[in-house]
Amino acid sequence: MQLVNAIDLSFPLLATATAAADSSMVVAAVLLSLVVVYLASKVGGELSNRVGLPPVLGELVGGVIVGISVLHLLVFPGGGADSSSSLIMAFLQTTAGLSPEATPAVFAAQSEVVSVLAELGVIILLFEIGLESNLKDLMAVGIQATVVAFVGVTVPFALGTVGLMTLFGVGAVPAIFAGAALTATSIGITSKVLSELGKLNSKEGQIILGAAVIDDVLGIIVLAVVASLAKDGAVDVGKVIYLIISASGFLLGAIVLGNVFNKTFVAIADILKTRGGLVIPAFIFAFVMAYFAAVIQLEAILGAFAAGLVLEETDKRKELQRQVCPIADMLVPIFFVTVGAKTDLGVLNPAIPTNREGLIMATFLITVAIFGKVITGLSVFGQSPINRLAIGVGMIPRGEVGLVFAGVGAASGALSKPLGAAIIMMVILTTFLAPPLLRFVFPESDDIATDAEQILLDGSTGQPLANSGNVNNSLDS
């Protein structure tokens, strides 16, 4: 009974809607939704991969196609959409005998379940990213990558936030959220292109890769702070300082915890002999960390990321990554497709006069997104000769990290429809532009190495930075 009450408190819409709706119809609606999600993710991902772009971008575009912008197969409440907009509801009425009176309740429950699965998907995604982020390897890159990362976070964040507030009159919280979305860098996209060019072990490649991962860490802290601000709807300087300190302290505490917890976790995993003996304790730890992050007013995804950083230090890391991968394959696409499905690109249609401001905002964000990262190459010092333009271009793609910002922003209600669509357009365009631009700024090289033999070396010490397994794991994310 206590469990039921807890569920009612946590998900009142789900509990109320399910009670008012036929549970079998809710299950049927959720199953059909998952069929749409997985078809959209696989078709989009495969097509994207065939043209040399990351599959996650195809998942996003697939979500846009099946969502409110095009096919109306996967529709969610809000923004003018209701059960009458959903083709899944119409299909159930035709084939399963769903009555028009019961449709709104089934639609509400189905939407809530899919949204919860999407939230779980992004938690798993950040846990997986944490498992692939080795802090010791990042420290070996040196101060150059750190400087590039900080410039790549602060410049686009400041330009985007101030520009939206002064030029477009956007409120402080949504402007800060959009500015935060500009800070991300997709390590997977850049790493793939660098590998194809044989530049992963170059000075430029080392700096780009290290800065991209540090960007992710900084971006997660920024996201946790901004998402917490969005809940209150106002900017409180004291709370901002508290959140920055608590987020930084949370990650540092996780690193310290890792040195203590590693051996204990391995010992527990060795004792357990039944199925899930490794992955279940890992998820227990990740969810507990996510809970503690939420308790101190941070985002749950920061706790999942910190848990991944802790377990990355264990001897079970590679086996754990293999076991987490199929679970992520099931849940993470729900998040990306849902982000795309909720994005109404119709608000950027220039034929409608009221949409033109949103289109101008999208152009502004894209310009800032490109300039704010290209300029990072100028921050590289003491390295001559070096291709500074290539470093800046390598930091441009936002990819899956930018989509996390967009998804959390949309879920929090901080972003208006035009601004949310503008962020999605920024993510799509920067992701499309980065691969051809990287090929253009890097000269042709004859020393392309295979992924299996690729080793990142620190330019100053010659020590291994990361082996090919880490690189390949990052590409898959």
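Residues numbered from 1 in each chain as written. Predicted model: local features only at pLDDT ≥ 70, side-chain atom pairs only at ≥ 80, totals over all residues. Heavy atoms only, no water.

Positive phi, close to 60°, is recorded for His-72, a residue that is not glycine. Within the secondary structure, His-72 sits in the loop between helix H4 (55-66) and helix H5 (87-95). Of the residues examined, His-72 reaches a relative accessible area of 25% and is grouped as partly exposed. (Helix = DSSP H or I, 4+ residues; strand = E, 2+ residues; numbered from the N terminus. Buried < 20%, exposed > 50% of the residue type's maximum accessible area, 1.4 Å probe, protein only.)

According to the stated counting rule, one finds five aromatic pairs in the structure shown. Here the aromatic rings of Phe-127 and Phe-283 are separated by 5.7 Å at their centres, their planes lie at 50°, and the arrangement is tilted. Of this pair, Phe-127 sits in helix H6 (residues 103-131) while Phe-283 sits in helix H13 (residues 279-295), placing them 156 residues apart in sequence. Here the aromatic residues Phe-127, Phe-283 and Phe-287 are joined through ring pairs into a cluster of three or more. Just above the ring of Phe-76 sits the side chain of Lys-342; from NZ or CZ to the centre is 4.8 Å. (Phe/Tyr/Trp six-rings, centres within 6.5 Å; stacked < 30°, edge-to-face > 60°. Lys NZ or Arg CZ within 6 Å of the ring centre and 35° of its normal.)

Moving on to the environment of Val-70. Inspection of the secondary structure puts Val-70 in the loop between H4 and H5. Through-space distance from the C-alpha of Val-70 to that of Asp-344 is 8.7 Å; in sequence the pair is 274 residues apart. In contact with Val-70, other than residues within four places in its own chain, are Val-64 and Ile-65. (Contact = heavy atoms within 4.5 Å.)

Here we take up the nonpolar core. Phe-127, Leu-164 and Leu-311 are the most contacted members of the largest nonpolar core, which has 115 residues in total. The dominant element in this core, judged by the number of residues it contributes, is H6, at 13 residues. The residues contacting Leu-311, other than those within four sequence positions of it, are Phe-127, Leu-131, Phe-261, Phe-265, Ala-282, Phe-285, Arg-317 and Leu-320. Grouped together as the second largest cluster of nonpolar side chains are 21 residues, Ala-145, Ala-390, Val-393 and Val-441 included. (Core = buried A, V, L, I, M, F, W, Y, C linked by side-chain atoms within 4.5 Å.)

Attention shifts here to the pattern of salt bridges. By the definition in use, this model includes four salt bridges. For Glu-46, the salt bridge identified is with Lys-42, shortest N-O distance 3.7 Å. Placement of both Glu-46 and Lys-42 in helix H3 (residues 23-50) is noted, with a separation of four residues, approximately one turn of the helix. (Salt bridge = Lys/Arg side-chain N within 4 Å of Asp/Glu carboxyl O.)

A separate point is the confidence of the model for the protein chain. Averaged over every residue, the pLDDT of the protein chain is 78; residues scoring 70 or more account for 81%. No element of the protein chain has a lower mean pLDDT than strand E1 (residues 456-457), at 35, and none a higher one than H3, at 93. Per-residue pLDDT stays below 50 along residues 13-19; that stretch engages in 10 contacts with residues further than four places along the chain or on separate chains. Within the model, pLDDT remains below 50 along residues 445-477, and this stretch shows 60 contacts once partners closer than five positions in the same chain are excluded. (pLDDT = per-residue confidence, 0-100.)

This brings us to the packing of helix H12 (residues 237-271) against H13. Each packed pair of helices is defined by two parameters, the angle between the axes and the distance between the axes. Between H12 and H13, the shortest axis-to-axis distance is 14 Å and the interhelical angle comes to 155°. Taken together, the axes of H12 and H13 are roughly antiparallel relative to one another. Judged by the twist between their axes, the crossing of H12 over H13 is right-handed. Taking contact as the criterion, the partners of Phe-250, Ala-254, Leu-257, Phe-261 and Phe-265 in H12 are, on H13, Pro-281, Ala-282, Phe-285, Met-289, Phe-292 and Ala-293. Its residues assigned to classes, the contact of H12 with H13 shows 11 nonpolar, no polar and no charged. (Axes fitted to C-alpha atoms, helices over the stretch in contact; angles between N-to-C directions. Parallel < 35°, antiparallel > 145°, perpendicular 65-115°, else oblique. Left-handed = near helix turned anticlockwise from the far one by under 90°. Nonpolar A, V, L, I, M, F, W, Y, C, P; charged D, E, K, R; others polar.)

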